[in-house]
Amino acid sequence: MPSRDGDKIPMDVWCPLIPPADYKQVKNYLGDLHRINDAYDDWRASMRGKPFVGIRVGVILDRIRMLMIKIGVSCGQNRTLAETVQSVVAEALRQRSYSIIKKMSSDTQEEKIIKSTVYAFFKSLKFTRDIYPIEEIQRVMPKNIESDSDASGFLGRFKKSEDTKKFDKEELAEKALEKSNNVLKRLLMYLLSPDPWGTK
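Residues numbered from 1 in each chain as written. Predicted model: local features only at pLDDT ≥ 70, side-chain atom pairs only at ≥ 80, totals over all residues. Heavy atoms only, no water.

A.B. asks: Is there a simple way to explain the packing of helix 4 (residues 109–124) against helix 5 (residues 133–140) in this structure?
C.D. replies: For any two helices packed against each other, one specifies the inter-axial angle together with the distance between the axes. Their axes nearest at 9 Å, the elements helix 4 and helix 5 cross at an angle of 115°. Classed by the angle they form, the pair helix 4 and helix 5 counts as roughly perpendicular. Viewed along their axes, helix 4 and helix 5 form a crossing whose handedness is right-handed. For the pair helix 4 and helix 5, the contacting residues are Thr117, Ala120, Phe121 and Ser124 in the first and Pro133, Glu136, Ile137, Arg139 and Val140 in the second. (Axes fitted to C-alpha atoms, helices over the stretch in contact; angles between N-to-C directions. Helix = DSSP H or I, 4+ residues; strand = E, 2+ residues; numbered from the N terminus. Parallel < 35°, antiparallel > 145°, perpendicular 65-115°, else oblique. Left-handed = near helix turned anticlockwise from the far one by under 90°. Contact = heavy atoms within 4.5 Å.)

A.B. asks: Can you help me understand the environment of glycine 72 in this one?
C.D. replies: Among the structural elements, glycine 72 can be located in helix 2 (residues 57–74). Assessed through its relative accessible area of 10%, glycine 72 is described here as buried. Residues glycine 72 and isoleucine 36 lie 36 residues apart in sequence; the distance between their C-alpha atoms is 8.6 Å. Every residue in contact with glycine 72, bar those within four places of it in the chain, is listed here: Arg79, Ala82 and Gln86. (Buried < 20%, exposed > 50% of the residue type's maximum accessible area, 1.4 Å probe, protein only.)

A.B. asks: Hey, could you run me through the side chain of serine 180 in this one?
C.D. replies: Summarising the element assignment, serine 180 is placed in helix 6 (residues 169–192). Of the residues examined, serine 180 reaches a relative accessible area of 0% and is grouped as buried. With sequence-adjacent residues up to four places away left out, serine 180 is seen in contact with Val57, Val118, Phe121, Phe122 and Ile137.

This is the structure:
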């Protein structure tokens with residue numbers, strides 16, 4: 001295993017896919033990180049020729065899931081390492097998504113509902129699993145948009161109003177899906193950058 005200088009990460013084991021603050025979770029496997037790094041580099045290389053404009057939620061999630069699969073394969077028989085790194089990456093993506101969502105507008109009742117739905121979608125999203133995005137969006141939408149709808153507590157209480165009865169849930173779901181698509185594009189851009197967790 002490569003030597004360490006205090007808490008600093010030696011360059012010979014540095015893997016940009018893992019946020020520096022999370023290296024403690026893989027400290028027992030530093031000598032194995034070069035395989036994950038190679039898998040990450042291969043994934044980024046394979047993404048360069050793929051279109052970015054016009055891609056939808058399912059396609060972006062497929063690309064991220066491909067990265068997760070490559071991580072698993074690169075770890076061979078070491079399932080503990082594979083699951084640890086996949087968990088670290090998924091949580092880093094989730095936290096980055098929250099920071100993006102917090103900047104979304106929530107001035108109107110409709111925007112609050114959409115923002116809450118997008119937050120709930122990313123809170124429950126499994127980056128390693130195949131999903132039907134619109135079904136997941138509909139599943140996490142507020143059950144009753146006239147009451148305390150946000151179970152996560154992200155936006156607090158929705159105000160009751162006559163206008164809430166005019167909302168079309170299918171239309172709201174489509175808008176939430178589009179917002180989720182924008183968030184996922186940002187996440188994909190981060191993953192494709194040289195320093196994914198240092199880029200804001």
